[in-house]
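Read off the chains here:
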Amino acid sequence: MTDVQYVAPGTLDEAVRAFAAASGAARILAGGTDLLVQMRSGALSPSLIVDIKKIGEMTTIEEGPDGSFRIGAAVSGAVLREHPRLKKVWPGVVEAANLIGSTQIQGRATAGGNLCNASPAGDSVPAMVAAAATVTVQGPNGRRQLPVEAVPAGPGRTNLAPGEIVVSFTLPPRPKGSGDAYLRMIPRTEMDIAVVGCGVSLTLDKGTCIAARVGLGAVAPTVLSVEEAAKALIGSKLDAAALDKAAAACRAACRPIDDKRGTVAYRTQIAGVLLKRAATIAAERAGRN
Amino acid sequence: MAKLHVSTIINGEPQEFLCDAEQSLLDVLRGPLGLTGSKEGCASGDCGACSVTVDGRLVCSCLMLAAEAEGKSIGTIEGMAPGDRLHPLQTKFLEMAALQCGICTPGVLMAAKSLLDRNPDPTEHEVRYWLAGNLCRCTGYDKIVRAVMETAKDMREAVR
């Protein structure tokens, strides 16, 4: 038996205190779908597990009076899916989170865990990047907010300071005529890890794109916000030329690895394909909102 | 290290147990609690043989710490048959031979019940996606999917 300890504090202050006191040897437990696998394989042996699911702020979804959403870091994919308003306003964010694993995994896996596990292929992250989500973190020195794309530092590493915990995601108020979408390429129909993932969020005004963001996953050490692709969409009517230009910007942003699941050339090519398809779906949704 | 004391509800009955921090719920169910219906196939959340419900939500009990069961209501395959009568899914699986070796069956049944509790009239597509996290190396899935569809139909007709 190892001497790992488990605590499930009821407040964020207690959680931060316990997490910071263990100085690096502690792990946060949200859904546990990555953590428990890593512990069992011997990749991780924390001295302390801090279960954050008894903290109300981290397990709830709130819609603000301005139309923004605050999603607790420990909300499961199943709960995201069942939220009637979130799915309507941010279908791309919800579909991205829901692509992760099976029904059973969805019952536990969280967007906070997906972000902090810091896999370049995490499905919810490109959609959150496209949505311009900000992340609230709390640590020994208080609270701060940062853009979601600033959290991952590389495979398995984050830019969070010691003792900091991701508390929630905030999705900004949604102007009329907005839509988002997330697509990923996997070699099978389900239960696989993205070879490329692409999230697009945009706002249309009389058919012209007036705002756009693009998140790209699994093609670099971290999920990317591809500003050049967004620029190519903004001001256009999402015609073939604009989509080609945005797709080229996505391909130019790729710095992927070759592995058994996809080559550099394949991932790069697919990044452009997914951008076009996701932008088309997002635009179609925007037309209905 | 002192054991953790956990108070929970299992299949409707209050239950207390002691566990180590890193023990999974599956370990405790199969070990000290003697509920060996839930199986360990992969221990990494891929196969679904350990499926249970936690406050009505389907999860892999191998990917949950036993300590997390504190204050929760756990449902296992042992609680599926009301008294001496099998659940309609169990009966149909027998009738239609929707199992061979049986290792995956408790998890498949728990997952299928969780689907029918939410959606009494699923399409075949919905059944296949809902059960995608339950691996079976014997049946080829077709019999399982057909048994779930048939049970759903019978249960809908019984309600009428």
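Residues numbered from 1 in each chain as written. Chains lettered and ligands numbered in written order. Predicted model: local features only at pLDDT ≥ 70, side-chain atom pairs only at ≥ 80, totals over all residues.

**Student:** Give me the lowdown on the overall build of chain B, citing residues and values where you can.
**Tutor:** For chain B, the helix and strand inventory stands at five helices and five strands. Along chain B, from the amino end to the carboxyl end, the secondary structure elements read β-β-α-β-β-β-α-α-α-α. Whereas a compact globule of 160 residues would reach a radius of gyration of roughly 15 Å, chain B reaches 16 Å, a difference of no more than 12%. On the principal axes, the C-alpha backbone points of chain B span a range of 50 × 35 × 25 Å. In chain B, buried positions account for 44% of the 160 residues. Contacts spanning at least 24 positions in sequence make up 60% of the contacts within chain B whose residues lie at least 6 apart. (Helix = DSSP H or I, 4+ residues; strand = E, 2+ residues; numbered from the N terminus. Rg over C-alpha atoms; globule rule 2.2 N^0.38 Å. Buried ≥ 20, exposed ≤ 12 C-beta atoms within 10 Å, placed from the backbone. Contact = placed C-beta atoms within 7 Å.)

**Student:** Outline the nonpolar core, listing residues and values.
**Tutor:** Residues and elements named next belong to chain A. By size, the foremost hydrophobic cluster in this structure holds 142 residues, and its most contacted members are Val200, Leu275 and Ala279. Residue contributions to this core peak at nine residues, all from helix H11 (residues 264-288). Excluding residues that lie within four positions of it along the chain, Leu275 makes contacts with Cys198, Val200, Val214, Ala229, Ala246, Ala247 and Cys250. (Core = buried A, V, L, I, M, F, W, Y, C linked by C-beta atoms within 7 Å.)

**Student:** Explain the sheet that holds strand S4 (residues 61-63) of chain A to me, using residue names and the numbers behind them.
**Tutor:** In a beta sheet, neighbouring strands are held together by backbone hydrogen bonds and run either parallel or antiparallel to one another. All names here are of chain A. Within the open sheet, the five strands sit side by side as S4-S5-S10-S6-S7. Their pairing is antiparallel. If you trace the sheet from one side to the other, it starts and ends with S4 and strand S7 (142-147), each paired once. In this sheet, adjacent strand axes meet at a mean angle of 20° when their direction is disregarded. Pairing of S4 with strand S5 (residues 69-72), which is carried by three bridges, proceeds in the antiparallel orientation. Of the residues in S5, the one forming a bridge with Glu63 is Phe69. (Pairing = 2+ DSSP bridges. Axes fitted to C-alpha atoms, helices over the stretch in contact; angles between N-to-C directions.)

**Student:** Tell me about the pairing of strand S2 (residues 13-19) of chain B, residues and numbers included.
**Tutor:** Residue and element names in this part refer to chain B. Strand direction decides the pairing type here: strand S1 (residues 4-10) and S2, joined by seven bridges, are antiparallel. From the neighbouring strand, Val6 faces S2, where its bridge partner is Phe17. Linking two consecutive strands that pair antiparallel, namely S1 and S2, is a turn of two residues; a positive phi of about 50° is found at Asn11 within it.

**Student:** Give a detailed account of helix H10 (residues 240-253) of chain A, specifying residues and quantitative values.
**Tutor:** Residue and element names in this part refer to chain A. In a regular helix each residue adds 1.5 Å, so 14 residues correspond to 20 Å; H10 covers 20 Å between its end C-alpha atoms and thus fits that length. Those residues of H10 that sit buried are Leu243, Ala246, Ala247, Ala249, Cys250 and Arg251. Buried-residue contacts for H10 involve strand S13 (208-217), helix H9 (227-233) and H11. (Expected span 1.5 Å × (residues − 1).)

**Student:** Break down the domain arrangement of chain A for me, with residues and values.
**Tutor:** Residue and element names in this part refer to chain A. Taken domain by domain, chain A comprises domain 1 (5-119 + 134-171) and domain 2 (178-288). Computed over C-alpha atoms, the centres of domain 1 and domain 2 are 25 Å apart. With 14 residues of domain 1 at the contact, the number on the domain 2 side is 13 residues. When contributions to the side of domain 1 that touches domain 2 are tallied by element, the ones reaching two or more residues are helix H5 (91-98) and strand S8 (152-154). Here the side of domain 1 that touches domain 2 takes five residues from H5, the largest share from any one element. The residue makeup of the side of domain 1 that touches domain 2, split by class, is eight nonpolar, four polar and two charged. (Domains from an automatic or database assignment. Nonpolar A, V, L, I, M, F, W, Y, C, P; charged D, E, K, R; others polar.)

**Student:** Just give me the short version of the environment of Gln90(B), but keep the residues and values in it.
**Tutor:** Residue and element names in this part refer to chain B. With respect to the helices and strands, Gln90 occurs in helix H2 (residues 88-95). Along the backbone, Gln90 and Pro106 are 16 residues apart, and their C-alpha atoms lie at a distance of 9.4 Å. Sequence-distant contacts of Gln90, that is, excluding residues within four places in its chain, are made with Met80, Ala81 and Leu109.

**Student:** Can you explain the domain arrangement of chain B? Please cite residues and give values.
**Tutor:** Residue and element names in this part refer to chain B. As far as domains go, chain B holds domain 1 (4-79) and domain 2 (88-158). Between domain 1 and domain 2, the C-alpha centre-to-centre distance is 22 Å. Between domain 1 and domain 2, the residue contacts involve 14 residues of the former and 11 residues of the latter. Considering every element that reaches the side of domain 1 that touches domain 2, the biggest residue donor is strand S3 (residues 51-54), with three residues. Per-class residue counts for the side of domain 1 that touches domain 2 are six nonpolar, six polar and two charged.

**Student:** Which residues make up the interface of chain A and chain B, and what values go with them?
**Tutor:** At the junction of the two partners, chain A supplies 24 residues and chain B supplies 24 residues. Among the elements of the structure, strand S1 (5-7), helix H2 (35-40), strand S3 (48-51) and helix H6 (103-106) of chain A are those that each provide at least two residues to the side of chain A that touches chain B. Per-element tally for the side of chain A that touches chain B: the top contributor is H2(A), with four residues. Partitioned by chemical class, the residues of the side of chain A that touches chain B number 10 nonpolar, nine polar and five charged.

**Student:** Quick rundown of unusual backbone geometry? Include the residues and the values.
**Tutor:** Even without being a glycine, Met191(A) presents a positive backbone phi close to 55°. The residue Asn11(B) is not glycine, and still its phi comes out positive at about 50°. Among the structural elements, Asn11(B) can be located in the loop between S1 and S2. Look at Asn11(B) and you get partly exposed, because 16 C-beta atoms sit within 10 Å.

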